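Fold and geometry: a report
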Amino acid sequence: MPKCMKLGEIVSWMDEALAVGAFADDMSNNGVQIERDGDDVSKVAFAVDGSLASVRAAAKAGAQLLVVHHGISWGGGIKRVAGGVGDVVRAAVKADLALYACHLPLDANKAYGNNWELARFFGLKKIAPAFSYHGHVIGVTGVNKHGRKIGICSGGAGEFAETAKSLGCDLYVTGEASWGDVIAAENCGMEMVCAGHYETETFGVKALARGMKRHLGVETVFLPR
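1. Details of the pattern of salt bridges
- Within the structure shown, the criterion is met by 8 salt bridges.
- When the shortest N-O distance is used, the salt bridge between R36 and D96 registers 3.1 Å. Residue R36 is found in the loop between strand 2 (31–34) and strand 3 (40–41), and its partner D96 is found in the loop between helix 3 (83–94) and strand 6 (98–101); the two are separated by 60 residues along the sequence.
- In this structure R36 comes out as buried when scored by relative accessible area, which is 16%.
- D96 sits in the partly exposed class, given a relative accessible area of 22%.
- A salt bridge links D49 to R225, with the shortest nitrogen-to-oxygen separation between them at 3.7 Å. Of this pair, D49 sits in strand 4 (residues 43–49) while R225 sits in the segment after strand 12 (219–222), and the two are 176 residues apart along the sequence.
- Residue classification places D49 among the partly exposed residues on the basis of a relative accessible area of 21%.
- Its relative accessible area of 75% is what places R225 among the exposed residues.

2. Observations regarding the side chain of S154
- Residue position: S154 is located in the loop between strand 9 (149–153) and helix 6 (161–166).
- For S154, a relative accessible area of 6% translates into the label buried.
- Not counting the four nearest positions on each side in its chain, S154 is found in contact with D107, N114, N115, L118, T174, G175, T200 and E201.

3. Focus on the packing of helix 5 (residues 114–121) against helix 9 (residues 202–216)
- Between helix 5 and helix 9, the shortest axis-to-axis distance is 7 Å and the interhelical angle comes to 90°. Classified by the interaxial angle, the pair formed by helix 5 and helix 9 is roughly perpendicular. Listed contacts from helix 9 to N114, E117, L118 and F121 of helix 5 are T202, F203, G204, V205, A207 and R210.

4. What about the sheet that holds strand 5 (residues 65–70)?
- Pairing within the open sheet is mixed, and its 5 strands lie in the order 2-6-5-4-12. With partners counted over all chains shown, the strands left at the sheet margins are strand 2 and strand 12, one partner each. Put simply, the sheet's adjacent strands are angled 30° from each other on average, direction ignored.
- Of the strand pairs in this sheet, strand 5 and strand 6 are connected by 4 bridges, and their pairing is parallel. Each bridged residue has a counterpart across the sheet, and for L66 the counterpart in strand 6 is L99.

5. Some thoughts on the nonpolar core
- Core analysis: the largest hydrophobic core is formed by 27 residues, its most contacted members being I10, M14, V44, L65, L208 and M212.
- Those elements that provide at least two residues to this core are helix 1 (7–17), strand 4, strand 5, strand 6 and helix 9.
- The element that contributes the greatest number of residues to this core is helix 9, accounting for 6 residues.
- With sequence-adjacent residues up to four places away left out, M212 is seen in contact with I10, W13, M14, V44, F46, G217, V218 and T220.

Scoring rules and cut-offs
Residues numbered from 1 in each chain as written. Predicted model: local features only at pLDDT ≥ 70, side-chain atom pairs only at ≥ 80, totals over all residues. Heavy atoms only, no water. Salt bridge = Lys/Arg side-chain N within 4 Å of Asp/Glu carboxyl O. Helix = DSSP H or I, 4+ residues; strand = E, 2+ residues; numbered from the N terminus. Buried < 20%, exposed > 50% of the residue type's maximum accessible area, 1.4 Å probe, protein only. Contact = heavy atoms within 4.5 Å. Axes fitted to C-alpha atoms, helices over the stretch in contact; angles between N-to-C directions. Parallel < 35°, antiparallel > 145°, perpendicular 65-115°, else oblique. Pairing = 2+ DSSP bridges. Core = buried A, V, L, I, M, F, W, Y, C linked by side-chain atoms within 4.5 Å.

Structure follows, in structure tokens:
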């Protein structure tokens, strides 16, 4: 039988493990964005986006909680439960599925974050925090086996190409970049790889799923697009 835990216990573990309280000014309203009637959780699903597809897949997988990097509530919150957002909320309520979102904390976290995980995936050494976004250092630099310094910042962080150059990076890896960011990288001679917004942000949710299973013993599942 899978281990059953209280929703509040799981949320408390994530809040602490990801230091969510230190990111109160994040544009994402981190934490529980949709509650559920029940309190028992025996399976937790993980996805990059709090989309209708992810909610439906989590419900189909038998999860009671869906943890995502990109939630449905940003800034001033949801103004109207209508349209696509309304569809997501209705689907979650129908499935009695809670939704927990974690944006910048999951980019920056050393143990489970997108960027630290990417650095480990690439086999980098001398990994160090880098790239400040709204006062929060969310990316990393590291050195590969050839001695090249690599800058990493997942998602839509093409704006940091010039910063990577100033840090002495030989290569900068991000998810996506605006055309202006591409030109800025070219102008300063920074070689930049855009590996996909979604693709670079699967690393954090997967790591968090593994960590939750290891530390709490609750069953977890990653939901790909």
